[in-house]
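Residue-level structural notes
Take a look at the letters that make up each chain.
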Amino acid sequence: MAAESVLKVIFEHEGVFIHPSSDEDGVEQDLLISGSLRIVDKDAEIIVEYRPLEDTVDPSNMLCAGKDSSSVMEWDQCSGVRSHQLLESQQSYETEWDMINAVSFKKKSCTNGEGSLNHSHERSRWAFSFSVGDLRSVTVKEEGWTFLLFRLKESTSLPALHFHQGGSSEFLDSLRRFALLSEAPDDETCLLVSTPNKALSQSFENLLDDNNFGLVHKFRKDPYVTTLGGFSKVTNYIFDAFRGTEEQHQRPPEEVADLLGEVIPGLEINQQEEPGFEVITRIDLGTRPQVTRREPLSAEDWTKHQDPEGRMINITHLKHVIFKGGLCHAVRKEAWKFLLGYFPWDSTLEERKALHRAKTDEYFRMKLQWKSVSEEQERRNSRLRDYRSLIEKDVNRTDRTNRFYEGIDNPGLVLLHDILMTYCMYDFDLGYVQGMSDLLSPILYVMENEVDAFWCFVSFMDQMHHNFEEQMQGMKTQLIQLSTLLRLLDLSFWNYLESQDSGYLYFCFRWLLIRFKRELSFQDVLRLWEVMWTGLPCQNFHLLVCCAILDSEKQKIMEENYGFNEILKHINELSMKLDIEEILQKAEGICLQIQSCKDLPHSISVILGLDTEGSGSGSGSGSGSEPTQCGSPPALRPTQRADTSCSNGHGHLRETSSHNSCKVAFIS
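I will try to describe carefully the structure that is included in this document. Everything numeric here is computed off the predicted structure, so don't read it as measured data.

Conventions we followed
Numbers given for residues are sequential positions, taken from 1 along each chain in its written order. Where local features are concerned, this predicted model is filtered to residues with pLDDT of at least 70; where side-chain atom pairs are given and counted, the filter is 80 or more; whole-chain, interface and lining totals use all residues. Hydrogens and water are ignored here; the side-chain numbers use all heavy atoms of the structure. Secondary structure follows DSSP: runs of H or I at least 4 residues long count as helices, runs of E at least 2 residues long count as strands, and numbering of each begins at the N terminus. Partly exposed describes any residue whose relative accessible area lies between the buried limit of under 20% and the exposed limit of over 50%, with all areas from a 1.4 Å probe on protein chains only and scaled to the type maximum. Whether two residues touch is decided by their heavy atoms; if any such pair falls within 4.5 Å, the residues are in contact. What sets the accessible areas is the Shrake-Rupley method with a 1.4 Å probe; for residues, cover comes only from the shown protein chains. With axes taken as lines fitted to C-alpha atoms, and helix axes fitted only over the stretch in contact, angles between N-to-C directions fall between 0 and 180 degrees. An angle below 35 degrees is treated as roughly parallel, one above 145 as roughly antiparallel, one from 65 to 115 as roughly perpendicular, and anything else as oblique. If you view the pair so one helix is near and one far, a crossing is left-handed when the near helix is turned anticlockwise from the far one by less than a right angle, and right-handed when it is turned clockwise. The classification used treats Ala, Val, Leu, Ile, Met, Phe, Trp, Tyr, Cys and Pro as nonpolar, Asp, Glu, Lys and Arg as charged, and all other residues, Gly among them, as polar. In these notes, a set of buried Ala, Val, Leu, Ile, Met, Phe, Trp, Tyr and Cys residues joined through side-chain atoms within 4.5 Å is what counts as a nonpolar core.

Looking only at helices and strands, one finds 27 helices and 11 strands in the protein. The proportion of buried residues among the 668 residues of the protein is 54%. Contacts in the protein between residues at least 24 apart in sequence constitute 71% of all its contacts with a sequence separation of at least 6. Accessible surface, the protein as shown: approximately 30000 Å² in total, 47% of it carbon and sulfur.

As structure tokens, then:
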């Protein structure tokens, strides 16, 4: 009993096969060994074990999707047809294969007791286990399905494990919780295995209650959980990951850039000047103007901006008022639908009623799609199962201290779950990614209506989509843009961060990923989001919010001579201690300061969408609008559209492959 109490199953997957060689003694030709693969924690030691099951499989009875199948994938069993892909490609392919799940197996019957004994012998013959600490490498190969080859440190090779029914990527994900897997320099299919010391493993255990992945891998696979968890508990590890061991000197910038590129896929840090870069010297931005905020827009004032048929009027002025003070809560339910683009500003009340009826029908048709999936169907749809599992897990931990979501069997949780599941039907390619529940929660809280909350969430996700895509292009661009802005605003502070291996501002990752949702109180999140949704005073205003927070903290960071660990810990501990009105004042002041600069670099103008060739004209519709203190959003020049598409701001623009216009080289 005592032994059983310390055995913890970390990962388990059945339907993993060994293909014995036909020339091996005593092995029946064409026999497949079916078994179960597990990762277990036994007395604090991580063990990988493979156990054959009772039944073997005859490949002649294997049913697979052929070329005439209606499925979107074809299974080509010729191993020479497919070239070896990177691990990311393998995982993407396998996810698609899992969804189809068009392979089934028939059990091979045993005619007598002798056959049963023989099969029992085969099972014991092919069972194996090893400690993760003894593992040297894992080779990932494809043969119409994925199979893994393990090599131990004493050069022992184990039988290849074939994942006919998927599951290899999940196994590797679980393995990464306890070991660092890095691609071999001379073989992209080979993952070299290195295990951290026990103290480091414990720091990972403390990272989160239920997900204890390695931090570098978690950044790549699950940025939400990584950045929303206890960053400060693993600072020593991430510090060593970027700087090397104490015996090593600080790594050169290009090597740190490569490491960060691995953490955030697609993030390319340029260490040298490239053709087309602006090379600029220090710029005198002048004195930062002082700005004031006003009271939130009242319900009475909101009504004054409607004509008799319900159209919104003086929209530019209305957006300015919302930007300067936000909305009183009684107005939010209606105003957010306009700010998010669910309702057109020039629509009449009757047009909005008709739109709502149409959108209600569309929503429930999509909801019916997943509600009508039977358990049998879902067993053959791994992506839908994974989406549902993630959603159920996240819903149960989203804003549970808020009265709208607290308690057991809360109807708010049911709505949160149903909207997220329906979004998977709306955008099945993206589906559900951890962090999206944080974006939906405030919207549902305000709307108090399933249909309205869904379509407002869809509009918000149009803006945030790139943050959650697999390659995280939105996060890549925003980090580069934020670094560029900070270098312009305070080069000495940026240089200090750079000297502490923090110049890439990865400690701002959580801020950008879910728009400060975990940094502010719930009510302050509502205020910040509605201000940002006005599109004022510039594109990517959320980046200036980041700059405002860092500007408030730079003195303490520099005076206390904070290093990498201390900076990370300090930023993480700002959560729930920020004054939203003070931050918005400072961010607007920074915008005015930048706008007043006569020799503003073009790359900065591109990031913020500023028209440097003339005064911007208001983009809002309606007449009689008043000039705003920061100006209304300027109309973009046609030649700028490709450049500004790298912005992940609030203009529903998506990033293109060209980012040179967003980069700038500074000479101090």
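Next comes the rest of the description.
This part covers the side chain of Ser36. Among the structural elements, Ser36 can be located in strand β2 (residues 33-42). Non-local contacts of Ser36, meaning those with residues more than four positions away in its chain, are made with Glu12, His13, Glu14, Glu49, Tyr50, Arg51 and Leu53.

Attention now moves to the packing of helix α19 (residues 473-489) against helix α23 (residues 541-559). Packing of α19 against α23 brings their axes to within 10 Å, and their N-to-C directions diverge by 50°. When the interaxial angle is binned, α19 and α23 end up oblique. When the axes of α19 and α23 are compared, the crossing they make is right-handed. Between α19, through Gln478, Gln481, Leu482, Leu485, Leu486 and Leu489, and α23, the contact on the second element is made entirely by His542, Leu543, Leu544, Cys546, Cys547 and Leu550. Residue classes in the contact of α19 with α23 are distributed as 9 nonpolar, 3 polar and no charged.

Further remarks concern the nonpolar core. Ranked by internal contacts, the top residues of the largest apolar core, which has 121 residues, are Trp302, Ile443, Phe541 and Leu544. Sort the elements by how many residues they give to this core and helix α18 (residues 450-468) lands first, with 11 residues. Once you skip the residues sitting within four places of it in the chain, Ile443 turns out to touch Trp336, Leu340, Ala453, Cys456, Phe457, Phe460 and Trp533. Formed by 31 residues, the second largest nonpolar core is a distinct cluster that contains Ile39, Phe128, Phe150 and Phe163.

Cis geometry marks the peptide bond from Leu536 to Pro537, where omega comes out at -5°. Its identity is not glycine, yet Glu448 carries a phi of approximately 55°, on the positive side. Considering the arrangement of structural elements, one finds Glu448 in the loop between α17 (436-447) and α18. Looking at Glu448, the relative accessible area reads 52%, which means it is exposed.

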